[in-house]
Amino acid sequence: MTGAEPLPLGAVTLTSGPFARAQERALRTALELDPDRLLAPFRREAAVPTGPGYGGWEAEGLDGHTLGHVLSALSAHAAGGSASALERLELLLTGLRECQVTLGTGYIGGVPDGVALWREIESGRIEPQTFDLDGRWVPLYNLHKVLTGVVDAAVHADSPLGRTLAAEFVAWWIRVFTPISDADVELILRTESGGLAATLARWAEYAGDEDAATLAVRLAVRELWQPLAAGRDPLDGLHANAQIPIVVGHAVLARIGRGDEFAAAARTFWTSVTTHRTTVIGGNSVREHFPPRDDWSSVFTAREGPETCNTVNMVELARELHRLDGADEQLGFIERALSAHILSAQHPDHGGIVYFTSHRPGHHRVYSRRETGFWCCMGTGLEAPARFAASAFATAPGRFDVALLLGARARWGDVLIETETDRPFGDDAAVHVTAATPQTFALRVRVPEGVDADRVEARVDGAAFRPDSDGWFRIDREWRGRTTIRLALPSVIHAVEAPDGSGWVSLVDGPRVLAERLDGPPVDPLATDARMGHIARGPLLPLADAPVLTPDDARTFRRTDGGNVVLPATATRREIVLEPFASLHDDRYILAFPYAADGDADRRRAALVAEDDRADALDARTADVVAFGQQQPESDHGLTLTGTRSGYDGGSHWRRFHAAASFVLQDWGAAAASLRIAWLADPEARHLLVSVDGVVVTDQLIPPSAEAGVVEIDLAAFADGRARWIVAVAGGDEGSPRLTEARLMRAPLS
């Protein structure tokens, strides 16, 4: 354990600046949601009379998860003193309590047919897929959100009703899992489980519940923590946000003394993700999965970049690890992630939330609409701002630490500490210390990353202070009345290369990750109501259109009066005007630029042209595609999962089918000409049966092969102007090849 402990949320209030404004916007969004519609899935499952719920993911199998996020958000706002948040929190808890009492088991949940699910599991029927358990979409993940919400109501908002709900719900979890064997628990945990271990461990710490701590250890997912604890990195190809909350649980278990192996696992994961898999904004993943640690190329070419949920959960991991280790690198990560990704993912006007932040040059993002979608990132986007100040201040005997400069007020006994700043859009800051009676203690202020070390200073009563060698200002004195410390934090611009050497770079100016806003082509910045509406579907621009940067560009720039950074035109590219990415909304942008580390911009551009040509040959002909073995694409296309296996091999996700499984492909232009199905090499003979609308279109044996394969199926017989194609694949006893994708093509590849 580190020597300093963060102040509880109830002792801290955001007061001014960008983070306070974002927090206020998030609270308004949460309060605009209809309590009865949020409660509808729980009332339905408890057979309590109810009206309609919300749509989107709230009506497609993840029913009820949003309420869990809202409870956590409101609990944090209430801890900070919001009366409106506390009132709404108690109203929602009252509705949940009615459902819990009606069921009479302690269970609360909106999982469709969720009560029956646990009867099935108790009877021994356990049929897990990666994101499906006994035919329900990630029920453990869903219920974890609700459990976390009621635990947060108890821990942060000090709600007696929250304590009652949490105690009985935790007791239900313990009662259900106690008779299940360890082997069957691991089988259940093959389905995404969220952060159950973390929440149960937090409850155990709060309530002194030893049984909850024991269950938290059982739900820590041995398949993940064992290799991590041994120092191995098993993350290539894994669904990123299915792993991060589990590892948060490892860190919490380590903190409450449940084993050094969990601390080792959490540290290995942290190092792997932050060193090898994290982009300049603090995000990670492409299409929701960890790319190979030594090949980031897909991060900069895909439309689906880092997922907001991932970064929110990595911030939680950083907070827990900082309580264990006290390392400044964890505070630096929190600062960058909050400033560049989480803050930027909320629209400042309407409060919509971004799911994917594309790093492809010239692409764009889309924001959630107020009452549609209800994706996971909408929930975390409501929740994260309520905890912006969770790591801002910490205390130790005789010492007060200002770890993050956010614009906040903290109460520490009889002392009031206030920080005032416009960071990340500004540089400098002030700290005000008000002592009602004389107090002697050391005030430490962490120097943020990205400052000019030769010019940074703190001034107090006319005296100048320089940071200590550990990167903190330390002012040890007797404090009387109100004292102001003014911090000069001049920024420096530096380049951040992709660590795999794939030829991409971003520019950072102090706390600001910079990006170029493009004039067009125009995009619709709001997500659609469609199942895949969270993906920015605007046309992809050619990679070769992006200006190529060289090492000289980070040294040749000028700042404008408006705070932008200008890279003058050179012989190989146009002028580039950069602005803080956190303030860039609604337009196309370039966040990551092609980079010629050797200075040869022409050679780098030629490689981009070749990549564009390769992609055009396939992508321009594609109406829709489902990528097998990846959670969101499979879910977005309604893939049914019975008797299948999935995996990751050689940089490709795959799924093998036995019984028939169906999915839906969309063709809004009604111009589909063929169906293209691809698979990986296989040393054994396999069987592939494909049908469209129940009509078999191919039935073939696939001989053993050391090469990947593909079949293109002519759809001329079905060309009736349809926009929706129902396709089924099967493999029988032999199993299908390891299928990687199915593409609906407007024109076949020649």
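A brief structural summary. From a predicted model like this one, the values you see are computed outputs, not experimental measurements.

Moving on, we come to the sheet that holds strand β30 (residues 724-730). Strand order in the open sheet formed by four strands is β25-β30-β27-β28, with antiparallel pairing between adjacent strands. Pairing within the sheet leaves two strands with one partner each, and these edge strands are β25 (661-666) and β28 (695-702). Neighbour-to-neighbour, the strand axes of the sheet open up by a mean angle of 20 degrees, direction not taken into account. In this structure, β25 lies alongside β30, joined through six bridges in antiparallel fashion. Paired with Ala-661 across the two strands is Val-729, which belongs to β30.

Once that is clear, we can look at helix α5 (residues 114-122). Inspection of α5 places Gly-114, Ala-116, Leu-117, Trp-118, Glu-120 and Ile-121 among the buried residues, and these make up the whole buried set. Residues of α5 that are buried in the fold lie against α2 (35-45), β4 (132-133), β5 (136-137), α6 (139-155), α7 (160-177) and α8 (182-188). The first or second residue beyond α5 is Gly-124, which carries a positive phi of 105 degrees.

The next subject is the sheet that holds β5. With respect to topology, three strands assemble into an open sheet ordered β3-β4-β5, the strand pairing being antiparallel. Each having just a single partner strand, β3 (128-129) and β5 make up the two edges of the open sheet.

Turning our attention to the environment of Leu-526. By the secondary structure assignment, Leu-526 is in the loop between β16 (512-517) and β17 (558-559). The exposure class of Leu-526 is partly exposed, given its relative accessible area of 27%. When the C-alpha positions of Leu-526 and Arg-369 are compared, they lie 6.6 Å apart, and in sequence the two are 157 residues distant. Apart from residues lying up to four places away in sequence, Leu-526 is in contact with His-350, Val-366, Tyr-367, Ser-368 and Arg-369.

Time to look at the pattern of salt bridges. Under the defined criterion, the tally for this structure stands at 63 salt bridges. Notably, a salt bridge pairs Asp-552 with Arg-555, separated by 2.5 Å at the nearest N-O pair. Among the residues examined, Arg-555 registers a relative accessible area of 60% and is labelled exposed. Between Arg-676 and Glu-712 there is a salt bridge, with its nearest N and O atoms 2.9 Å apart.

Cut-offs applied
- Residues numbered from 1 in each chain as written.
- Predicted model: local features only at pLDDT ≥ 70, side-chain atom pairs only at ≥ 80, totals over all residues.
- Heavy atoms only, no water.
- Pairing = 2+ DSSP bridges.
- Helix = DSSP H or I, 4+ residues; strand = E, 2+ residues; numbered from the N terminus.
- Axes fitted to C-alpha atoms, helices over the stretch in contact; angles between N-to-C directions.
- Buried < 20%, exposed > 50% of the residue type's maximum accessible area, 1.4 Å probe, protein only.
- Contact = heavy atoms within 4.5 Å.
- Salt bridge = Lys/Arg side-chain N within 4 Å of Asp/Glu carboxyl O.

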